[in-house]
Protein chains: 2
Amino acid sequence: MRYWWVNHNQTAKQEVGNGYLWSPVREANGARSQFYENMRIAAPGDWVLSFANSFIGHVGIVQDQARITPKPESFGSVGVYWANQGWLLPVWWKPLAEPVRPKANLKTIASLLPSKYSPLNPSTGNGNQKAYLAEVSKDLVDVLLGLPNSLLTAPIAELLPATASIQSADDLVEKSLTEDPALDTTVKLQSVLARRGQGLFRARVAQIEQACRITGVTTPNLLIASHIKPWRACASAAERLDGANGLMLTPHIDRLFDDGLISFKADGEVLISKRFCKIDADRLGVQDALHKGCGGFTDAQAHYLNFHQTYVFW
Amino acid sequence: MRYWWVNHNQTAKQEVGNGYLWSPVREANGARSQFYENMRIAAPGDWVLSFANSFIGHVGIVQDQARITPKPESFGSVGVYWANQGWLLPVWWKPLAEPVRPKANLKTIASLLPSKYSPLNPSTGNGNQKAYLAEVSKDLVDVLLGLPNSLLTAPIAELLPATASIQSADDLVEKSLTEDPALDTTVKLQSVLARRGQGLFRARVAQIEQACRITGVTTPNLLIASHIKPWRACASAAERLDGANGLMLTPHIDRLFDDGLISFKADGEVLISKRFCKIDADRLGVQDALHKGCGGFTDAQAHYLNFHQTYVFW
């Protein structure tokens, strides 16, 4: 379990209000940023301190891994210079009874701030302009929030589905798609069906792939037409409905592939994430596939698999 | 593949219009009916002739197995004497260019009608009052529709998701639930979340079940909180949110359990449906479980498992 600190800047209200964090993949000039890479390192159960307007007003628990999604519509004109694709990290937020002003305790906390990628300037106590999601120590969190701390044991009735914010990101994509005047009715219908692996997309994938690449299962009812480049990340209806952008997978393999716990190389090598519990990988017969491979892919499939390895597999 | 004939009586419009067949489980007096039992025998890919007002006007392809659902709202006052739970069988319907009147060809078809459970009286050519879904021979279908017959090769663009009618049945249950003035807001929210195995229901199941009964997987992200008695068939919010009415299952096991291809006895014996392809059962490691068992269940769980074996397992 890790502890994080986010400098929301202008998007605190949208992010806390809707239960997530969102960042671009890279800086506007194309450079890598550790603060954005951290979005992919954060894992379910991690804590996040929300810092905005010089106060920590909320503490959150990460609910799911980050997914590649379009920029939230609610950001409006904020971050117009950001690329439209970025990481959405689902977070369950709880307001602090009394917001904490780190600057007021600067003496105590300065030495607890990370020496690299600090969210706060240790001399001034102001937020570091370039920072977004920064890793901090448990010690810092304990000092800031006070001990003992039972803030984050949510009453069960408050537990929201972990994927609510991802679903609502998908809903927005669907909405913009159905409202697009450039698409005809059939394409709209089929693009929406494709979200659930149904309709034309499934029929096209089934022409290319007849069996699950890992289990070998062929019963149609037990196979899901799964997008390689995620539906929500597709740039066009053509990508959403491209048979080469799909695999027929058994439901648990679909889940592993979608969660980025496994991926496939063009030559049929099976990749297994470090994050995938080895014992469970063995229980699901995935370790075997590591040795046997899953058969090669076409160039068109390899193109989408490349996206999967970059933005989904982790 | 089998061929069926349905005497819709008063519900032709609703059933053909919405892409399904619906029948009660038993007759109003509680007696078994072969015409209703046939709803569970029909399987994806089977053909159905739709007979109403003395004409065959549509031919359909069964899209999915029958599920236990409440009576469709659109039936209105039709069949008020039926029990509220019955079989919904998803069917993709295509209108015949020219409807066929079986009575006009009675001489030719009389000898092709089944001797038992016939949909039509072979002497009069009128529909058999008691009949609903009757099995007929390929010969009868060929004679009625004419040969060669390519009526049922649907253009891909017309393919609707196999589960659309089941989903819309679930949507109706959700609607009646959220409009129920007797339920408070929290119960409504949690009942809706339970449909997807989320929220309070999941938390309660997780207190009782920590690992998948078949695979032994324990990673929370890879486990689905699956209802034993299906969500749509639950009689109350209490049943929908009862932790004893759930199992934590890996996604493919959840699918098999939900589709009624596997079930569990109270003593932990694993049941595998005749309909489950043995080769695929082996590929998914389910054949092993047949010998090892899956561990016993509590009385409260056994109560729900009994429903599963009667109405879901087939």
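Residues numbered from 1 in each chain as written. Chains lettered and ligands numbered in written order. Predicted model: local features only at pLDDT ≥ 70, side-chain atom pairs only at ≥ 80, totals over all residues. Heavy atoms only, no water.

A word on the relation of the copies chain B and chain A. Superposition of the two copies of the chain requires a rotation about an axis together with a shift along that axis. Laying chain B over chain A is done by rotating through 180 degrees and shifting 0.1 Å along the axis; what remains is an RMSD of 0.1 Å. Here the two chains are linked by the operation of a two-fold rotation axis. By residue overlap, the copies meet face to face through one surface: 97% of the interface positions of chain B are interface positions in chain A. (Least-squares fit on C-alpha atoms with pLDDT ≥ 70 in both. Contact = heavy atoms within 4.5 Å.)

This paragraph deals with unusual backbone geometry. Residue and element names in this part refer to chain B. Its identity is not glycine, yet N53 carries a phi of approximately 50 degrees, on the positive side. Assignment of secondary structure puts N53 in the loop between β3 (47-52) and β4 (55-62). Phi at Y117 takes a positive value of approximately 55 degrees, unusual for a residue other than glycine. Turning to its location among the elements, Y117 is positioned in the loop between α3 (106-110) and β7 (133-136). (Helix = DSSP H or I, 4+ residues; strand = E, 2+ residues; numbered from the N terminus.)

The subject of this paragraph is the environment of B:L21. Residue and element names in this part refer to chain B. Here L21 shows up in strand β2 (residues 20-24). Residue class for L21 comes out buried when judged on its relative accessible area of 0%. C-alpha separation for the pair L21 and Q190, spaced 169 residues apart in sequence, amounts to 30 Å. Excluding residues within four positions of it along the chain, L21 makes contact with V6, H8, E15, M39, V48, W87, L88, L89, V91, W93, Y132 and L133. (Buried < 20%, exposed > 50% of the residue type's maximum accessible area, 1.4 Å probe, protein only.)

In this section: the interface of chain B and chain A. If you look at the interface, chain B gives 36 residues, while chain A gives 35 residues. Together chain B and chain A conceal approximately 2,800 Å² of surface at their shared face, both sides included; 60% is due to carbon and sulfur atoms. Taken together, the connections running from chain B to chain A amount to 0 salt bridges. Where chain B meets chain A, there are 9 residue pairs in polar contact (both at pLDDT 80 or more). Elements that contribute at least two residues to the side of chain B that touches chain A include exactly α6 (185-195), α7 (200-208), α9 (251-258) and α10 (278-283) of chain B. The dominant element in the side of chain B that touches chain A, judged by the number of residues it contributes, is α9(B), at 4 residues. (Buried area = accessible area lost by both parts, 1.4 Å probe. Salt bridge = Lys/Arg side-chain N within 4 Å of Asp/Glu carboxyl O. Polar contact = N/O pair within 3.5 Å; in protein donor to acceptor, adjacent residues only side chain to side chain.)

Moving on to the confidence of the model for chain A. Do not read the fine detail of predicted coordinates wherever pLDDT is low. Residue and element names in this part refer to chain A. The share of residues in chain A with pLDDT of 70 or more is 95%, and the mean pLDDT across the chain is 89. No element of chain A has a lower mean pLDDT than helix α5 (residues 164-178), at 86, and none a higher one than strand β9 (residues 246-249), at 98. pLDDT under 50 marks residues 154-159. Its contacts with residues more than four places away, or in other chains, come to 11 contacts. Overall fold confidence (pTM) sits at 0.86, and the ipTM for the predicted complex is 0.84. (pLDDT = per-residue confidence, 0-100.)

Tallying each qualifying case throughout the model produces 18 aromatic pairs over all chains. Summarising the aromatic geometry, the rings of A:W87 and A:Y311 are spaced 6.1 Å apart at their centres and angled 50 degrees between planes, so their arrangement reads as tilted. Taken as a pair, A:W87 in strand β6 (residues 85-100) and A:Y311 in helix α12 (residues 299-311) lie far apart in primary sequence, 224 residues in all. Both rings, one in B:F307 and one in B:Y311, keep their centres 4.7 Å apart while their planes meet at 40 degrees; by these two values the pair is tilted. In this pair, B:F307 and B:Y311 are both assigned in helix α12 (residues 299-311), 4 residues apart and thus about one turn of the helix distant. Among the residues examined, B:Y311 registers a relative accessible area of 25% and is labelled partly exposed. Taking NZ or CZ as reference, A:K229 lies 4.8 Å from the ring centre of A:F307, over its face. The ring of A:W231 has A:R240 lying over it, and the distance from NZ or CZ to the ring centre is 5.0 Å. (Phe/Tyr/Trp six-rings, centres within 6.5 Å; stacked < 30°, edge-to-face > 60°. Lys NZ or Arg CZ within 6 Å of the ring centre and 35° of its normal.)

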